[in-house]
Amino acid sequence: MTYEQAKNVLASHDQAHVLQFWGQLNDSQKEALLRQIEVLDFSSITRMQALLKNAQSKVSSSSPFEPAPVENPTGAELETCVAEGEKLLKEGKVAVLLVAGGQGSRLGYDGPKGAYPIGPITHNSLFWFHARKVLGLSQTYGVHIPFYVMTSESNDAATRAHFESNDYFGLPREDVFFFIQGMWPALTPAGKIILDTPGHIFMSPDGHGGTLMALNRSGAFDDMENRGIRHIFFFQVDNPMVEIADPAFIGLHEIRNADMSLKVCRKRDGHEGMGVVVTRNGHYEMVEYSELTDEQMERINPDGSLWLAYGSPAIHVFSYDFLKTEAARAMPIHLAHKKIAMISESGELIKPEAPNGYKFEKFIFDIIPNAKRLVTFEFERKNEFSPVKNATGNDSPATTQRDLQMKWRTWLEQLEIRVPDTLSIEIDPAYALNAKQLREHGLRIGC
Ligand code: UTP
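Not measured: the values here are computed from a predicted model.

The rules behind each value
- Residues numbered from 1 in each chain as written.
- Predicted model: local features only at pLDDT ≥ 70, side-chain atom pairs only at ≥ 80, totals over all residues.
- Heavy atoms only, no water.
- Near = heavy atom within 4 Å.
- Polar contact = N/O pair within 3.5 Å; in protein donor to acceptor, adjacent residues only side chain to side chain.
- Areas by Shrake-Rupley, 256 points an atom, 1.4 Å probe, with all protein chains shown as cover.
- Nonpolar A, V, L, I, M, F, W, Y, C, P; charged D, E, K, R; others polar.
- Pairing = 2+ DSSP bridges.
- Helix = DSSP H or I, 4+ residues; strand = E, 2+ residues; numbered from the N terminus.
- Phe/Tyr/Trp six-rings, centres within 6.5 Å; stacked < 30°, edge-to-face > 60°.
- Buried < 20%, exposed > 50% of the residue type's maximum accessible area, 1.4 Å probe, protein only.
- Arc of directions from axis to C-beta.
- Contact = heavy atoms within 4.5 Å.
- Core = buried A, V, L, I, M, F, W, Y, C linked by side-chain atoms within 4.5 Å.
- Salt bridge = Lys/Arg side-chain N within 4 Å of Asp/Glu carboxyl O.

S.K.: Before we go on, may I ask you to explain the site of the ligand in this structure?
M.R.: Near the ligand there are 19 residues, and of these Val99, Gly101, Gln103, Ser105 and Gln181 occur at the shortest range. Backbone polar atom of Gly104 to an oxygen atom of the ligand: 3.0 Å apart, as the coordinates give it. Contact distances for the ligand include 2.7 Å between a nitrogen atom and a side-chain N or O atom of Gln181. Here the ligand has 570 Å² of accessible area as a free molecule, and 86% of this is covered by the chains. For the shell around the ligand, the per-class residue count stands at five nonpolar, nine polar and five charged.

S.K.: Explain the sheet that holds strand β11 (residues 276-280) here, please?
M.R.: Neighbouring strands of a sheet are bound in pairs by backbone hydrogen bonds; such pairs are parallel or else antiparallel. A sheet is described by the order of its strands in space; here three strands give the open sequence β1-β11-β12, paired in antiparallel fashion. What marks the edges here is a single partner per strand, and that holds for β1 (66-67) and β12 (283-287). Pairing of β1 with β11 involves two bridges; the strand directions are antiparallel. Bridge pairing in β11 places Pro67 opposite Val278.

S.K.: Help me understand the packing of aromatic side chains, please; the structure alone is not making it clear to me.
M.R.: Per the stated rule, a full pass over the model turns up 18 aromatic pairs. Judged by centre distance (6.4 Å) and plane angle (90°), the ring pair of Phe233 and Phe249 falls under edge-to-face. Here the residue Phe233 occupies a position in strand β9 (residues 231-236), and Phe249 occupies one in helix α9 (residues 247-255), the gap between them amounting to 16 residues. Neither Phe233 nor Phe249 differs from the other in exposure class; each is buried. Judged by centre distance (5.3 Å) and plane angle (40°), the ring pair of Phe363 and Phe365 falls under tilted.

S.K.: I tried to follow helix α11 (residues 320-327) on my own but got confused; where do I start?
M.R.: In an α-helix, one full turn covers 3.6 residues, which means residues spaced three or four apart are oriented alike. Restricting attention to buried positions, one finds in α11 the residues Tyr320, Phe322, Leu323, Glu326 and Ala327. What you see down the axis of α11 is that its buried residues fit within an arc of 165°, all on one side. Those residues of α11 that are buried lie in contact with α7 (211-218), α8 (220-227), β9, β10 (260-266) and β14 (316-319).

S.K.: How do you make sense of unusual backbone geometry when you look at a structure like this?
M.R.: In terms of backbone geometry, most residues other than glycine have negative phi values and most peptide bonds are trans. The phi dihedral of His123 is positive, around 60°, even though this residue is not glycine. The class for His123 is exposed, based on a relative accessible area of 51%. We note that Tyr168 has phi near 55°; this positive angle belongs to a residue other than glycine. Tracing the backbone through its elements, the reader meets Tyr168 in the loop between α6 (156-165) and β4 (176-180).

S.K.: Explanation requested: the nonpolar core in the structure shown.
M.R.: Inside soluble globular proteins, nonpolar side chains tend to come together where they are buried. Counting 59 residues, the largest nonpolar core has Phe147, Phe163, Phe233 and Ile244 as its most contacted members. In contact with Phe147, other than residues within four places in its own chain, are Val96, Leu98, His130, Ala131, Val134, Phe163, Leu171, Asp175, Val176, Phe177 and Phe235. Among the nonpolar cores identified, the runner-up in size contains 36 residues, and Val99, Met224, Ile229 and Ile368 belong to it.

S.K.: I'm lost on the pattern of salt bridges in this one. Help?
M.R.: Opposite charge on two side chains makes pairing possible when the charged atoms of those side chains draw close. Taken as a whole and judged by the stated rule, the model has 30 salt bridges. The salt bridge partner of Asp167 is Arg173, with a shortest N-O separation of 3.4 Å. Residue Arg173 is classed as partly exposed on the basis of its relative accessible area of 40%. In this structure, Glu384 and Lys263 form a salt bridge, with 2.7 Å as the shortest nitrogen-oxygen distance. Taken together, the residues span a long stretch of sequence, with Glu384 in helix α12 (residues 381-384) and Lys263 in strand β10 at a distance of 121 residues. Residue Lys263 is classed as buried on the basis of its relative accessible area, which comes to 0%. Several salt bridges converge on common partners, so that one network encompasses Arg268, Glu272, Arg381 and Asp395.

Okay, here's the thing in C-alpha cells:
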C-alpha cells in the first residue's frame, strides 16, 4: 500500500489522524505503519463505531430465560456414548483445537500462558500436558489426531519456539497446526483509532470468537476437510485437568446429532464467574457472568439447589459443518472499557489513570443461538477442571497443582496404592490417560 492509498482510505473512514506523525517516522517505521493500515478491517471498525454510539444508551436484554437442561448419561447409555466416541476417534474423525491467543494478564507470566510451568514435579508446561494428552489419545486409538493451536501475534513466535525446543512433546510435527488469530485496533470514545507510538496503531487480539475467521484464513479448515474431520474438540489453554476429546462427550454429541455440545459443571457458588447456558425465546444462549443480576445468581429452587447451578468452562465439541458455516457469518462484537497508553494529538505518551478507550472482542459462544441442536453434558469438576487464571488465590497455579495431584492420587487409590500426602505425584498423560490405562501399563516410578 502506498502513502496516498493509505491517506485516502483513512480519510474516507474519518481516521486521517493515524498519519499525523508521518513526517517524523523513519523509512522502516513508515513501511510498518503502511502494513498495519493495509490489513485494518474497516468494515468491523465501522461496526465498532456504531457499537460505541449505542453503548451509551444500551439497555441489556431483560427477556426471561431458563437454565438449559443438562444431560448426565449413566449405565448403558454412557457405555453407548463411549463406544460411539471411541469409534469416531479410531476412524480419525476427531480434531483437537486449543485457543491460546489470550494475553494472560491476570496471571502476569512473562511468556505465553501455555508455557507456564505447571507440573508439580517436572515443572512441565500447560502446553506439555495438552500435547501429551493428544499423543496419548493418538497412541490409544492408533490414529493421527490433528492438534490445531490458535496463537496471537504477540505470542505466536514464543509458542512455536516452546513446541520446537520441546520437540513437539513427542507429537509428529505434521499433526500440529499453528494459526494466528486476528488483531483489532482499539478506539477512543469518539471512535478514533488509538496510536501507542507515533508510528504504530495499538492492536489487541480479537477474542476467542476470532477462532472461526482464523481457521478459515489459515487453511486449517481445508486441512480438517482433507483429513475427513467430522467433530472438533475445543478447549482453553489454562486447564491442565481437561479430558481432551473425552469419548463419552464426543459420542453423545454424535448420537444427538448436535451442532455444538458444551461440558458444564456445578458452580462453586452462585457468584462464581462462569457463563451459564440458558434457553431464551426458543434458542440456546450463553449468559455471561457479568450480565447476571445478584437475584439471578442467588436464586434457589424449591429443593434448595441453585437455579443457575451449572457453569461453562469453555470445553466444547463442534461439528465441522456447523463451525465452517458459522465462520462465514459476521459475529457480534463486544466492547470493554480499558486503560490504554496512547499518543496524544500533540505527540505525547499518555498513561491513563482511568479507562480511556475501548478494546473489542468476539466470543465463541455467540454462535450458540445458531445451533439447531445443542447438548450440555455434566462433568465432575474435581476430575476435569481447575484453571490457571490468577497469580494467587482461587484458580491460581497453587490450586491447579493441588487439584491435579488429588486427581492422580485418586487414580492410584483405585490401584490400591496409597501415597503419603508429603509426596508429590505427577503422571505423564502419554503414559496413562486415566486410571484404567495406569493399571494396564503398570507403574514406572521416577523421582
Ligand atoms: P481468558 O478470557 O481467560 O483470557 O481466555 P486470557 O487472555 O487467557 O487471560 P486474562 O483475561 O488476560 O487474564 C480464555 C481462553 O481463551 C483464549 C485464551 O488463550 C484462553 O485459552 N483467548 C482469549 C484467545 O485465544 N484469544 C483471545 O483473544 C482471548
